[in-house]
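Residue-level listing of the chains:
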Amino acid sequence: MPQPTKGARLGAGPSHEKLLLANLATSLFKHGKIQTTEAKARKLRPFAERLVTYAKRGDLASRRRTLAILHENDVAHALFEEIAPRYATRNGGYTRITKLGPRKGDNAPMAQIELVEELVVSAAAPAAKKEARKAAKSEAVAALAGETEETPVAVAAEETPVEAAAEVASDEDEKKDDEK
């Protein structure tokens, strides 16, 4: 016989808490982050992380178990197809809680719970960065040695606005002379 959880039930009974957490988890997976009270965020964190773990497992039993909790097929599908693969190499810690401060109406402590974004770094990325640094360094050395030519764009960028205006004026004078 499972032992009931001790402590507060978020203002109602166990069935209400179960539905409340299911709705919060659905919103979290649908939007990526939600704002709620700190107490609800703390209760939601292990609940949502357990659902992500089921989705990472990916078998039929896990899919059925998740669908029984979430009640929205499109959110469950997104959990299995988009969210779970993002955390394939991560062993927990899929959510982050950030405290926001008190709510204006009743001064309840608010928090934002969000899915942690996993950065995908390939093995080629550090090598590419290293190559780019070497190329930039060699260009800088060549520029200091005076081996590179200045392009017309670089020369034009070095002109002052007064010189550029004088050239435009002289071009207009030449056009007027040609017309006469």
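Conventions we followed
- Residues numbered from 1 in each chain as written.
- Predicted model: local features only at pLDDT ≥ 70, side-chain atom pairs only at ≥ 80, totals over all residues.
- Heavy atoms only, no water.
- UniProt positions renumbered as here; feature names shortened; annotations may be inferred.
- Pairing = 2+ DSSP bridges.
- Helix = DSSP H or I, 4+ residues; strand = E, 2+ residues; numbered from the N terminus.
- Axes fitted to C-alpha atoms, helices over the stretch in contact; angles between N-to-C directions.
- Contact = heavy atoms within 4.5 Å.
- Buried < 20%, exposed > 50% of the residue type's maximum accessible area, 1.4 Å probe, protein only.
- Left-handed = near helix turned anticlockwise from the far one by under 90°.
- Nonpolar A, V, L, I, M, F, W, Y, C, P; charged D, E, K, R; others polar.
- Salt bridge = Lys/Arg side-chain N within 4 Å of Asp/Glu carboxyl O.

The protein has the name Large ribosomal subunit protein bL17 in an unreviewed UniProt entry, where Actinorhabdospora filicis is given as its organism. Listed in UniProt under the heading Sequence similarities (unreviewed entry), the comment for the protein reads: "Belongs to the bacterial ribosomal protein bL17 family."

Engineer: Would you mind going over the sheet that holds strand β3 (residues 109–115) with me for this structure?
Structural biologist: Hydrogen bonds between backbone groups are what pair the strands of a sheet, and the pairing can be parallel or antiparallel. Taken together, the 3 strands give an open sheet; going across it, the order is β1-β3-β2, and neighbouring strands pair in antiparallel fashion. Of all the strands in the sheet, the pair left with one neighbour each is β1 (33–37) and β2 (95–102). Each adjacent strand pair in this sheet contributes to an overall mean axis angle of 25°, direction not counted. Bridging between β2 and β3 involves 7 bridges; their strand directions are antiparallel. Of the residues in β3, the one forming a bridge with threonine 95 is leucine 115. Across the face of the sheet, helix α1 (residues 14–31) comes into contact with β1, β2 and β3 while running at roughly 145° to β1.

Engineer: Would you take a moment to explain the side chain of glutamate 38 for this structure?
Structural biologist: Tracing the backbone shows glutamate 38 in helix α2 (residues 38–57). When sequence neighbours within four positions are dropped, the list of residues in contact with glutamate 38 reads Lys99, Pro109, Met110 and Ala111.

Engineer: Where do I start with the environment of arginine 64 in this structure?
Structural biologist: For arginine 64, the location among the structural elements is in helix α3 (residues 60–70). Sequence spacing of arginine 64 and tyrosine 54 is 10 residues, and the spatial spacing of their C-alpha atoms is 9.8 Å.

Engineer: Sorry if this is basic, but what is going on with the pairing of β3 here?
Structural biologist: Regular strands have side chains that alternate between both faces of the sheet. Here β3 lies mainly inside the structure; 6 of its 7 residues are buried. When β1 meets β3, the two strands line up antiparallel, connected through 5 bridges. Bridge pairing in β3 links lysine 33 to glutamate 114.

Engineer: Mind showing me how you'd approach the packing of α2 against α3 here?
Structural biologist: In a pair of packed helices, the angle between the axes and the distance between the axes together describe the arrangement. Two elements in contact, α2 and α3, have axes whose closest approach is 8 Å; the angle formed by their N-to-C orientations is 145°. The chirality of how α2 crosses α3 is left-handed. On α3, the residues touching Phe47, Leu51, Tyr54 and Arg57 of α2 are Ser62, Arg65, Thr66, Ile69 and Leu70. Residue composition of the contact of α2 with α3, by class: 5 nonpolar, 2 polar and 2 charged.

Engineer: What is the right way to look at the pattern of salt bridges in this model?
Structural biologist: It is possible for side chains bearing opposite charge to pair when their charged atoms get close. Counted under the stated rule, the structure contains 10 salt bridges. Notably, a salt bridge pairs glutamate 38 with arginine 42, separated by 3.1 Å at the nearest N-O pair. Of the two residues, glutamate 38 and arginine 42 both sit in helix α2, 4 residues apart, roughly one turn of that helix. As a salt-bridge pair, arginine 103 and aspartate 106 come within 2.9 Å of each other at their nearest N and O atoms. Each of Arg9, Glu17 and Lys43 takes part in salt bridges that share partners, so that together they form one network.

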